[in-house]
Amino acid sequence: MAVVVVVLCGAVTWRLVQVQVIENDRYESLAMAQRLDTVPIDAARGSVFDRNGSDLALSVRRDSIWANPQVVIDPHGYAAQLAPLVGVEETVLVQRLSDRTKEFVYVARAVDDEVADAVRDLDLAGVDFIPEPKRFYPAGDLAAPVLGTVGTEGEGLGGVELLYEDVLHGVPGELVLERDRDGRAIPRTVRRQVAAQRGTDLVLTLDQALQYEVEQSLASQVTAVAADGGVAVVMDVTTGDVLAMATVLRGDDGFARPASALERNRPLTDVYEPGSTNKVVTYAAALEAGVVGPDTTFEVPDWIQVDDRVFTDSEEHPVRQMPARGCFAASSNVCTIQIGQALGAERLHDAFDAFGFGVPTAIEFPGQASGIVRDADEWHEVGLASAAIGYGLAVTPMQMLGAYATIANGGVTVPPRLVEATIDSDGTQVDRPIATGRRVLSNATVATMRSLMTRVVTGGTGSCAAIPGYTVAGKTGTARKIVGGAYSNQHFFASFAGFAPAEAPRFAALVVLDEPDYAHRYGGRAAAPVFAEIMQFALRLERVAPPTVDGSAQWDAARAAADAAGTNCAVPHIAAPPADATAAGTAVSADSSKEAATAAGNVSGGTSPSA
Amino acid sequence: MTDVALRMPAVVGPRPAEEADRGARTRPRLEVVSEPQRRVRLAVTLGVLVTVASLFALVAMSALLAQGQFDVDRLGGELEIEQQRYEDLRREVAEKASPAQIIAAANALGLVVPDTTEYIEAPIAAPSSEEPDATTSTLAETWAPAKVSLGDRH
């Protein structure tokens, strides 16, 4: 008996020594691991603001619903109750809830409070909730291709959300603490915290109100002229700030709507042949080189043969003696080709380089295109003639606008920017510097170009771009598209680019419509009215006073010119029905929308000024 | 010095004659207590008292700490709820301030975009319109300090 007692005592003693002394560290760590809990601290994703501090994108916590399939005893019953509430197919839920190899499956992520409350009321065992951030875009699809979007894990998938992912997502932290069996923190025990850093906010240069106006005006016109789509950009030429950047697409129902976040931000990602809007570069280069003056006279027929190609003006006319300023106002292809030939390929190509064609703009943006400008020695005669009138090269709308902004800025390039400032995790706002441009044109050339471009609006092809109270300078563009490997006579880019006030430029804008119907193929008819509307709004929004009390002189002359040509310059405001209404078949068809616009006298089918 | 002490009950002012007369009948039995024994008893009593008091103090301290932790947890929960409320309200404000909502509200009130814009020439002496624009950024004044206060998310 005594031996047994001694042995037992010895065994117990040995075990105590083993636990408390020999393997002390191991058991201590096991116990600690049982109590220690590491709680991840999510870093809130940074917000995106417009230039006035309005939220364009922000993250708000929402409940995600999850389930433990090992606890769920009736997957079919659960799925039947959950499916109608969370908007997930019942079969999908059954599949998830039946996977007993897992202890965690999502039922639905970042649901609205009402949905979460409804699921909570079901009181289903094994179903629980965790908070997760959900990205909201309070203004809907406003500037959506610029902003981009985020994935289910909150990672940027496009636009600035993708480009600035590194700064927006912040730095997650963690909290290590000891918990009791009920999950409560044990006081005066181990507690370590690595603070999370909220993501950096972006303050964009966009103006929400102007962006909306641009999108609405552009969409209305795209609908009215049955274009495939359109883009528009507005820039402050004194800073390079992009105030609005819109992409609009016409849907199958015939109505145009602002592009979604999944679409390309076409002013930066897509290229096009600019056509006559590119003539400002040809004329500016020729003036700068001293090849021509504004009054240099040319003998201008309505066609010209270059090598084996024949180039024509948009309208037939007899041979005329035209000064350069008249050639510009009338947008004569023949005259411009003559000027291009006098300038030469090298100098024209140098001008393209100087204006920033062929390289991405200063804006950092995913998928931004460089444009296509072939080497001058590849142009030959036809290439030079084509390039002089804006063919044979491809530019992004932003690059084209940059050329106009340069003239507006006194001949100094204006590097565009899309991000005005960032706000760090500690709330410190850090302004992004305004880049310095380089001089491309002399003051004398700029003054002449402004005069030429003002005349385009006063009595030339761009009369619809006139704004009451101000003087506008600009240029129309009507460029044939390549269809089936050849330039089409039925498919065009209609564009207008310019700036205002011409005397002291503040804003430059570009509007491009992709394939408007044939009757509205001219930039002066399809794009100029949109330019006028959005420029007028921008000037009013930024309280830019008319420079002179006589500012309506151009307006009066332009109105008279438009009336003489039978052109109605108003943008018909046709509201597109909601996309879901369209899906439900309640939308008005495209044809009926055009009929409505025509009936309202907003769509003209008559002869228009030339390109 | 004697090493013993007489312990007797306290007597309040009886006369010696009476005391002597009564003492013969009711005199308490006197004991001789050693000094070390008295100290031991005193020490034990004090020790027990201190131990009990310490235990009570420990329990009370623990309860206070636990209560403090509960308060911290509760305040943390309230903080999260208020932060959530702030985010929801901020989102609501942003939605209501979006151009589409403002246009819809304006249309509902019967406001329309004018067909034409008329400009008037202001008198030279008229005050300029240099007052701060309503759309001027307030990020530095509002959001920046709020962002710091929002803290982390658990």
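My aim in this report is to walk through the structure given alongside it, one point at a time. From a predicted model like this one, the values you see are computed outputs, not experimental measurements.

Reading the values: the criteria
Residues numbered from 1 in each chain as written. Chains lettered and ligands numbered in written order. Predicted model: local features only at pLDDT ≥ 70, side-chain atom pairs only at ≥ 80, totals over all residues. Heavy atoms only, no water. Pairing = 2+ DSSP bridges. Helix = DSSP H or I, 4+ residues; strand = E, 2+ residues; numbered from the N terminus. Axes fitted to C-alpha atoms, helices over the stretch in contact; angles between N-to-C directions. Buried < 20%, exposed > 50% of the residue type's maximum accessible area, 1.4 Å probe, protein only. Contact = heavy atoms within 4.5 Å. Phe/Tyr/Trp six-rings, centres within 6.5 Å; stacked < 30°, edge-to-face > 60°. Lys NZ or Arg CZ within 6 Å of the ring centre and 35° of its normal. Patch = residues over 30% accessible without salt bridge, like charges linked within 9 Å, V, L, I, M, F, W, Y side chains within 5 Å. Areas by Shrake-Rupley, 256 points an atom, 1.4 Å probe, with all protein chains shown as cover. Salt bridge = Lys/Arg side-chain N within 4 Å of Asp/Glu carboxyl O. Lys, Arg positive; Asp, Glu negative; His and termini not counted. Charge placed at Lys NZ, Arg CZ, Asp CG, Glu CD. Disulfide = S-S within 2.5 Å.

1. Focus: the sheet that holds strand β20 (residues 507-514) of chain A
Residues and elements named next belong to chain A.
No. 1: What the six strands build is an open sheet, ordered β11-β10-β9-β20-β19-β18; its pairing is antiparallel. On the outer flanks of this sheet lie β11 (256-258) and β18 (473-483), each paired with one strand and no other. Between one strand axis and the next, the sheet turns through 15 degrees on average, direction left out of account.
No. 2: In terms of strand pairing, β18 meets strand β19 (residues 486-500) through ten bridges, oriented antiparallel. Each bridged residue has a counterpart across the sheet, and for V483 the counterpart in β19 is A486.

2. Topic: the side chain of N265 of chain A
All names here are of chain A.
No. 1: Position of N265 among the secondary structure elements: in the loop between β11 and α10 (266-269).
No. 2: Given the relative accessible area of 2%, N265 is considered buried.
No. 3: Among residues more than four places away in sequence, those in contact with N265 are P145, V146, M245, T247 and F365.

3. With respect to the packing of aromatic side chains
Residues and elements named next belong to chain A.
No. 1: Within this structure, the stated rule accounts for nine aromatic pairs over all chains.
No. 2: When the ring of Y272 is compared with that of F493, the centres are 5.5 Å apart and the planes differ by 70 degrees; the resulting orientation is edge-to-face. On the criterion of sequence distance, the pair formed by Y272 in the loop between α10 and α11 (279-289) and F493 in strand β19 is long-range, its members being 221 residues apart.
No. 3: By relative accessible area, which is 4% here, Y272 ends up buried.
No. 4: Ring centres 5.2 Å apart and planes at 90 degrees place the aromatic pair Y391 and Y487 in the edge-to-face group. Here Y487 lies in strand β19 and Y391 lies in the loop between α15 (380-388) and α16 (397-408), a separation of 96 residues in the sequence.
No. 5: Taking the relative accessible area as the measure of exposure, Y391 reaches 13% and is therefore buried.
No. 6: Overall, the relative accessible area of 31% leaves Y487 in the partly exposed class.
No. 7: Here R309 stacks its cationic end above the ring of F311, 4.9 Å away from the centre of that ring.
No. 8: Above the ring of F492, the side-chain terminus of R521 is found at 5.9 Å from the ring centroid.

4. What about a negative patch on the surface?
No. 1: A surface patch of like charges, here negative, comprises E346, D350, D353, D375, D377 and E378 of chain A.
No. 2: With respect to the element layout, E378 of chain A can be found in the loop between α14 (345-354) and α15.

5. Some words on a nonpolar patch on the surface
Residues and elements named next belong to chain B.
No. 1: On the surface, V40, V44, V48, V52 and F56 cluster together to form a nonpolar patch covering roughly 460 Å² of accessible area.
No. 2: Here V48 lies in helix α2 (residues 35-96).
No. 3: Assessed through its relative accessible area of 46%, V48 is described here as partly exposed.

6. Looking at the state of the cysteines
All names here are of chain A.
No. 1: Scanning the model with the defined rule gives two disulfides over all chains in all.
No. 2: Put simply, C327 and C335 are joined by a disulfide, and their sulfur atoms are 2.1 Å apart. Across the S-S bond of C327 and C335 the torsion is about 80 degrees, and the bridge reads as right-handed. The two residues C327 and C335 agree in class, both being buried.
No. 3: Disulfide partner of C464: C569, at an S-S distance of 1.9 Å. The sign of the S-S torsion, about -65 degrees, decides the handedness of the disulfide formed by C464 and C569: left-handed.

7. Some points on the pattern of salt bridges
No. 1: Going through the model one piece at a time under the given rule, you end up with 30 salt bridges over all chains.
No. 2: Note that E87 of chain B is salt-bridged to R61 of chain A, the shortest N-O span being 3.7 Å. Taken together, the residues span two chains, with E87 of chain B in helix α2 and R61 of chain A in strand β3 (residues 55-67). Each of the two residues, E87 of chain B as well as R61 of chain A, counts as buried.
No. 3: When the shortest N-O distance is used, the salt bridge between K481 of chain A and D514 of chain A registers 2.7 Å. Here the residue K481 of chain A occupies a position in strand β18, and D514 of chain A occupies one in strand β20, the gap between them amounting to 33 residues. Grouping residues by exposure puts K481 of chain A and D514 of chain A together as buried.
No. 4: Taken together, the salt bridges that share partners define one network made up of R45, R135, E161 and E165 of chain A.

8. Describing the sheet that holds strand β6 (residues 173-178) of chain A
All names here are of chain A.
No. 1: What the three strands build is an open sheet, ordered β1-β6-β7; its pairing is antiparallel. The sheet is open, and its two borders are formed by β1 (36-41) and β7 (191-194), each paired with just one other strand. Along the sheet, successive strands turn relative to each other by an average axial angle of 15 degrees, direction set aside.
No. 2: Here β6 runs beside β7; their pairing, made up of four bridges, is antiparallel. Across the sheet, the residue bridging to E174 is V194, located in β7.
No. 3: Sheet strands in contact with helix α2 (residues 24-35) are β1 and β6, and its direction is about 45 degrees off that of β1.

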